[in-house]
Amino acid sequence: MIFEKVRNIITDQLEIDDVESITMDTSLMNDLEADSLDAVEIMMELEDEFNITIPDEDAEKFKNIGDIVRYIKNKIS
């Protein structure tokens, strides 16, 4: 499922041990304290994993993990 893949990429990139703490409502910046470099690296991983392109202007609109998951679903469907 897309959510699990996204969550695994984020937990790997940010070295988070508690995978279950990541939900659709989790914010990369506010809840996980990701900086802009972390966010860019996560977007690059997501692009590779799902074979899509995520323009910066789209990535800037993501407020939480749910936004990312929905975006990927729309891109690959």
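Conventions used here
- Residues numbered from 1 in each chain as written.
- Predicted model: local features only at pLDDT ≥ 70, side-chain atom pairs only at ≥ 80, totals over all residues.
- Heavy atoms only, no water.
- Helix = DSSP H or I, 4+ residues; strand = E, 2+ residues; numbered from the N terminus.
- Rg over C-alpha atoms; globule rule 2.2 N^0.38 Å.
- Buried < 20%, exposed > 50% of the residue type's maximum accessible area, 1.4 Å probe, protein only.
- Contact = heavy atoms within 4.5 Å.
- Lys, Arg positive; Asp, Glu negative; His and termini not counted.
- Charge placed at Lys NZ, Arg CZ, Asp CG, Glu CD.
- UniProt positions renumbered as here; feature names shortened; annotations may be inferred.
- Salt bridge = Lys/Arg side-chain N within 4 Å of Asp/Glu carboxyl O.
- Phe/Tyr/Trp six-rings, centres within 6.5 Å; stacked < 30°, edge-to-face > 60°.
- Axes fitted to C-alpha atoms, helices over the stretch in contact; angles between N-to-C directions.
- Parallel < 35°, antiparallel > 145°, perpendicular 65-115°, else oblique.
- Left-handed = near helix turned anticlockwise from the far one by under 90°.
- Nonpolar A, V, L, I, M, F, W, Y, C, P; charged D, E, K, R; others polar.

K.L.:
What's the story with the overall build of the chain in this structure? I'm lost.
P.N.:
Across its full length, the chain holds four helices and zero strands. When its helices and strands are written in sequence order, the chain yields α-α-α-α. A globule of 77 residues ought to have a C-alpha radius of gyration of about 11 Å, and the chain, at 11 Å, matches this closely. Split into buried and exposed, the 77 residues of the chain put 42% on the buried side. Long-range pairs, those at least 24 residues apart, make up 49% of the contacts in the chain with a sequence separation of at least 6. Computed over 7 positive and 21 negative side-chain charges, the inter-centroid distance for the chain is 10 Å.

K.L.:
Explain unusual backbone geometry to me, please; I cannot follow it from the model alone.
P.N.:
Positive phi outside glycine occurs at Glu33, with the angle close to 55 degrees. Inspection of the secondary structure puts Glu33 in the loop between helix H1 (2–14) and helix H2 (36–50). Even without glycine at this site, Asn51 takes up a positive phi of about 55 degrees. Examined against the element boundaries, Asn51 turns out to sit in the loop between H2 and helix H3 (56–59).

K.L.:
Explanation requested: the UniProt feature "modified residue: O-(pantetheine 4'-phosphoryl)serine" (unreviewed entry) in the chain in the structure shown.
P.N.:
Per the UniProt annotation, the sites labelled "modified residue: O-(pantetheine 4'-phosphoryl)serine" (unreviewed entry) are Ser36. As for its position among the elements, Ser36 is in helix H2.

K.L.:
Explain the pattern of salt bridges to me, please; I cannot follow it from the model alone.
P.N.:
Pairing between side chains of opposite charge can happen when their charged atoms approach one another. A full pass over the atoms with the stated rule returns three salt bridges. Of the charged contacts in the structure, one is a salt bridge between Lys5 and Glu49, with a shortest N-O distance of 3.6 Å. In this pair, Lys5 sits in helix H1 while Glu49 sits in helix H2, placing the two residues 44 residues apart along the sequence. Judged by relative accessible area, which is 40%, Glu49 ranks as partly exposed. Put simply, Glu20 and Arg7 hold a salt bridge, and the shortest N to O gap is 4.0 Å.

K.L.:
Got a minute to help me understand the packing of aromatic side chains in this structure?
P.N.:
How two aromatic rings sit relative to each other is given by the distance of their centres and the angle of their planes. Applying the stated criterion to the full structure yields one aromatic pair. Note on Phe62 and Tyr71: the rings are 5.2 Å apart at their centroids and 70 degrees apart in plane angle, and the pair reads as edge-to-face.

K.L.:
What am I meant to see in the packing of H1 against helix H4 (residues 65–76) here?
P.N.:
For any two helices packed against each other, the geometry is given by the interaxial angle and the distance between the axes. Between H1 and H4, whose axes approach to 10 Å, the crossing angle comes to 125 degrees. On the basis of their axis angle, the class for H1 and H4 is oblique. Crossing of H1 against H4: the hand is right-handed. In this structure, H1 contributes Ile2, Phe3, Val6 and Ile10 to the contact, and H4 contributes Ile65, Ile68, Val69, Ile72, Lys73 and Ile76. The class makeup of the residues in the contact of H1 with H4 is nine nonpolar, no polar and one charged.

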